[in-house]
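Examination of the molecular architecture
Here is what each chain is made of, one letter per residue.
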Amino acid sequence: MPDEVKLYAVAGSPFVCRAKIALNMKGIKYENLEQDLSNKSAELLKYNPVYKKVPVLVHNGNPISESLLIVEYIDEVWKGVPILPQDPYEKVVARFWAKFIDEKCIPALYKAFGPNGNEETDKEACEQLQILENELKVKGTKFFGGDNINLVDIAADFIAYWLGIIQEAAEKTLFTKDKFPKLTQWADDFVNLEVVNQVLLPRERLLAFFKKRFGKA
């Protein structure tokens, strides 16, 4: 029996794209089930009754929620291109940085570009980006994963693609090549990977969406 793989998704979500990038890396065929989050399907509520959100990966009837957990699950179940390091210490370090991105970096960026954004929130967001910039400098590699992307790169997909679009929509720029040369180069390299750009929503569509959300009245 072949594996049955379904992904409950919303086009344009950086969290859904994490799962799609991981599936692409492993060459896994899956059924993409687009959801209307204003009218959530019975299946989505059944498979993710706690958080009631996407992405949800359903593998042979078993649901997995939360994007980074989905990526780790995909890496454990399917062989091929590794997503997490094999070394136990390096694996923990990758998880540390992925968690940092989710818990510190992305929330700081949303605050900076949100309705209550100010000099203080801008400073905080830039401080978080600088931490990632410094990590890339120390590593001296093309990606956080070295020559190839890993869990940390996938976790940072929002910074690589969505952040620049939000900056344009909000007419506010924090993430520049002058301030963050390593991180902006990383972002360009990441977005240009075939396994990544295949799953990204066209820039124009996201820009129109974010202009409504972050644009000046």
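Note on numbering: residues in each chain are counted from 1, in written sequence order. Local features in a predicted model are, by the rule used here, given only for residues with pLDDT of at least 70; side-chain atom pairs are given and counted only at 80 or more, and totals for whole chains, interfaces and linings are based on all residues. Values reported for side chains reflect all heavy atoms of the structure, with hydrogen atoms and water molecules removed beforehand.

Examining the sheet that holds strand 3 (residues 56-59)
Defined as follows: By this definition, two strands are paired if DSSP reports at least two bridges between them. Working definition: helices are DSSP H or I runs of at least four residues, strands are E runs of at least two. Numbering for both runs from the N terminus. Axis definition: a line fitted to C-alpha atoms, over the contacting stretch in the case of helices. Angles run 0 to 180 degrees between N-to-C directions. Here a residue-residue contact requires only that any non-hydrogen atoms of the pair lie within 4.5 Å.
Read from one edge to the other, the open sheet built from four strands follows the order 2-1-3-4, with strand pairing classed as mixed. The open sheet has two free edges, formed respectively by strand 2 (31-34) and strand 4 (62-65), since each of these has just one partner strand. The mean inter-strand angle of the sheet, taken between neighbouring strand axes irrespective of direction, is 20°. With four bridges joining them, strand 3 and strand 4 adopt antiparallel strand pairing. Looking across to strand 4, one finds that Val58 is bridged to Pro63. Those strands touched by helix 1 (residues 14-26) are strand 1 (5-9), strand 2 and strand 3, and its axis lies near 155° from that of strand 1.

A few points about the pairing of strand 1
Our working definition: Burial here depends on accessible area, computed with a 1.4 Å probe over protein chains only, as a share of the maximum for the residue type. Under 20% is buried, over 50% is exposed, and the range in between is partly exposed. A clockwise course of the path from the first strand over the helix to the second, judged with the strands pointing away from the viewer, identifies a crossover as right-handed.
Counting buried positions over the five residues of strand 1 gives four, a clear majority of the element. Two elements, strand 1 and strand 2, share four bridges in a ladder whose sense is parallel. Bridge assignment links Tyr8 to a residue of strand 2, and that residue is Leu33. A crossover links strand 1 with its parallel partner strand 2, the connecting element being helix 1, and its sense is right-handed.

Considering unusual backbone geometry
Here the amide bond leading from Val54 into Pro55 is cis, since omega sits at 0°, within 30 degrees of zero. Relative to the elements of secondary structure, Pro55 occurs in the loop between helix 2 (42-47) and strand 3. Phi at Lys52 is positive, roughly 55°, even though this residue is not glycine. Taking relative accessible area as the criterion, Lys52 reaches 37% and is therefore assigned partly exposed.

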